Amino acid sequence: MKIILVGYGAMSERVAALAEKQGDEIVGTVVPAGDETPYPVYHGFDELPEADVIIDFSHPNLTFEMLESEAVNLPIIIATTGKKEEIIEKAKIKAEKQPVFFSPNMSYGVHVMTKIVELATELLEGYDIELLEKHHNQKIDAPSGTLNLLLDTIKDVESRKNAEAVYNRHDRSEKRDENEIGVSAIRGGTIVGEHDVYFAGLDEEITISHRAQSKDIFANGALQVAPQLIEKENGFYTFDNL
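Everything numeric here is computed off the predicted structure, so don't read it as measured data.

A.B. asks: Help me out: how do you make sense of the overall build of the chain in this one?
C.D. replies: Looking only at helices and strands, the chain features six helices and twelve strands. For 242 residues, the compact-globule estimate of 2.2 N^0.38 gives 18 Å, and the chain sits close to it at 19 Å. For the chain, the spread of C-alpha atoms along the three principal axes comes to 60 × 40 × 30 Å. By residue count, 48% of the 242 residues in the chain fall in the buried class. Partitioning the contacts of the chain with sequence separation of at least 6, the portion at a separation of at least 24 is 61%. Accessible area of the chain: about 12400 Å², with a carbon and sulfur share of 46%. In the chain, 23 positive and 43 negative side-chain charges are present, and the distance between their average locations comes to 2 Å.

A.B. asks: Explain the sheet that holds strand S9 (residues 180-187) here, please?
C.D. replies: What holds strands together in a sheet is hydrogen bonding between their backbones, with the strands either parallel or antiparallel. Strand order in the open sheet formed by five strands is S8-S9-S7-S10-S11, and the pairing between neighbours is mixed. Two strands lie at the open edges of the sheet, namely strand S8 (164-166) and strand S11 (204-212), each paired on one side alone. In this sheet, adjacent strand axes meet at a mean angle of 20 degrees when their direction is disregarded. Sheet analysis places strand S7 (residues 128-135) next to strand S10 (residues 193-201), joined by seven bridges and oriented antiparallel. In the sheet register, Glu130 faces S10, and the bridge partner there is Tyr198. Of the strands in this sheet, S7, S10 and S11 touch helix H4 (residues 108-123), which is tilted by about 165 degrees from S11. Seen against the sheet, helix H5 (residues 145-155) touches S7, S8, S9 and S10 and runs at an angle of roughly 165 degrees to S7.

A.B. asks: How do you make sense of helix H3 (residues 84-94) when you look at a structure like this?
C.D. replies: Note on helix geometry: an α-helix contains 3.6 residues per turn, so any two residues three or four positions apart are oriented the same way. Among the residues of H3, Lys84, Ile87, Ile88, Ala91 and Lys94 are the ones counted as buried. Seen end-on, H3 carries its buried residues on one side only, within an arc spanning 120 degrees. Among the exposed residues of H3, those oriented more than 90 degrees off its buried face are Glu85, Glu89 and Ile93. Where the residues of H3 are buried, they touch helix H2 (60-68), strand S5 (76-78), strand S6 (99-102), H5 and strand S12 (235-237).

A.B. asks: Got a minute to help me understand the environment of Ile87 in this structure?
C.D. replies: In this fold, Ile87 is placed in helix H3. Sequence spacing of Ile87 and Phe102 is 15 residues, and the spatial spacing of their C-alpha atoms is 8.6 Å. Residues within four places of Ile87 in sequence aside, it is in contact with Thr63, Phe64, Leu67, Ile78, Thr80, Gly82 and Phe102.

A.B. asks: Explanation requested: the packing of aromatic side chains in the structure shown.
C.D. replies: Given two aromatic rings, their pairing is described by the distance between the two centres and the angle made by the two planes. Going through the model one piece at a time under the given rule, you end up with three aromatic pairs. Geometrically, the ring pair formed by Tyr108 and Phe239 is edge-to-face, given 6.0 Å between the ring centres and 75 degrees between the ring planes. Here the residue Tyr108 occupies a position in helix H4, and Phe239 occupies one in the segment after S12, the gap between them amounting to 131 residues. Judged by relative accessible area, which is 52%, Tyr108 ranks as exposed. By the ring-pair criterion, three or more aromatic residues cluster together here, those being Phe101, Tyr108 and Phe239. For Lys90, the ring lying beneath its charged end belongs to Phe64, and the centroid distance is 5.7 Å.

A.B. asks: What's the story with the sheet that holds strand S1 (residues 2-6) in this structure? I'm lost.
C.D. replies: Strand order in the open sheet formed by seven strands is S3-S2-S1-S4-S5-S6-S12, and the pairing between neighbours is parallel. If you trace the sheet from one side to the other, it starts and ends with strand S3 (41-42) and S12, each paired once. Taken together, the three bridges between S6 and S12 define a ladder with parallel strand orientation. Residue pairing in the sheet places Pro99 in a bridge with Gly235 of S12. With respect to the sheet, helix H1 (residues 10-21) is in contact with S1, strand S2 (25-30) and strand S4 (53-56), its orientation differing from that of S1 by roughly 170 degrees. Set on the sheet, H3 makes contact with S5, S6 and S12; between it and S6 the angle comes to about 165 degrees.

Calculation criteria
Throughout this description, residue numbers start from 1 for each chain and increase along the sequence as written. Only residues with pLDDT of 70 or above have their local features reported here, since the model is predicted, and side-chain atom pairs are shown and tallied only from 80 upward, although totals for entire chains, interfaces and linings are computed over all residues. Water and hydrogen atoms were dropped before computing side-chain values, which therefore reflect all heavy atoms in the structure. A run of DSSP states H or I qualifies as a helix once it reaches four residues; a run of E qualifies as a strand once it reaches two. Both are numbered from the N-terminal end. Note on method: radius of gyration uses C-alpha positions; expected globular size equals 2.2 Å times residues raised to 0.38. Buried residues are those whose accessible area, probed at 1.4 Å on protein chains only, stays under 20% of the maximum for their type, while exposed residues exceed 50% and partly exposed ones sit between those limits. Contacts between residues were defined by any pair of non-hydrogen atoms, one from each residue, lying within 4.5 Å. For accessible areas, the Shrake-Rupley method is used with a probe of radius 1.4 Å. Any residue's cover is judged against the shown protein chains and nothing else. Residues counted as positive are Lys and Arg, residues counted as negative are Asp and Glu, and His and the chain ends are not counted. To locate a charge, the coordinates of NZ of Lys, CZ of Arg, CG of Asp or CD of Glu are taken. DSSP calls a pair of strands paired once it identifies at least 2 bridges connecting them. Orientation is described by lines fitted to C-alpha atoms, with helices fitted over the stretch in contact, and by angles between N-to-C directions that extend from 0 to 180 degrees. By construction, the arc corresponds to the directions joining the helix axis to the C-beta atoms. A pair of aromatic rings is counted whenever rings of Phe, Tyr or Trp (Trp by its six-membered ring) have centres within 6.5 Å, and the orientation is called stacked for planes under 30 degrees apart, edge-to-face for over 60 and tilted otherwise. Remark: a charge is flagged as sitting over a ring if the NZ atom of Lys or the CZ atom of Arg is within 6 Å of the ring centre and within 35 degrees of the ring normal.

Now the structure itself:
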């Protein structure tokens, strides 16, 4: 494949390394003015090189610029975190003219985790739910896009649709409400990514966890999606319908 990367942070670097290892070619990188990469650099979307797919591990502002550009007509994989609802809204409009895939977490294991969490939420109706995520000290957004995905998965279950996410318990001096879901984030060191969903009942607790041991799981996820997306008709895709 010929690939254009949007953004060139740690994730795009891993995508580039793994892509080249399997024989793909990085034909361009779209980055903010002043940034440089080992590949051809573009500071906008008006005149991109010929390519098969765009892979975006960038910032929402750059993602929005891409989605609003009439010049971008390639299949797009979006793995940007932050401003999820706005990205989905713009991506669905873009998807009327080309295939667009979006996931705030490109790990297939995390996708499977959402299915397990959905089932557990349905079965453990009377249990308290708490969410915890841990990431490295360079991550900007909190909570992570993946934790927000897990929260949305829980709130999509009928019995939890009115649940309230609580982020700052130190602001409260009251006992836990049965309708709330605690959301916590830890930042430190070089933690790649850890996500836990706790179901706490009477005298027992069930924990569903995912541990990322390398950023490569996300880069490989994007590279596995790419050849499938290239063959798809115009439309908005996720792991659920790819």
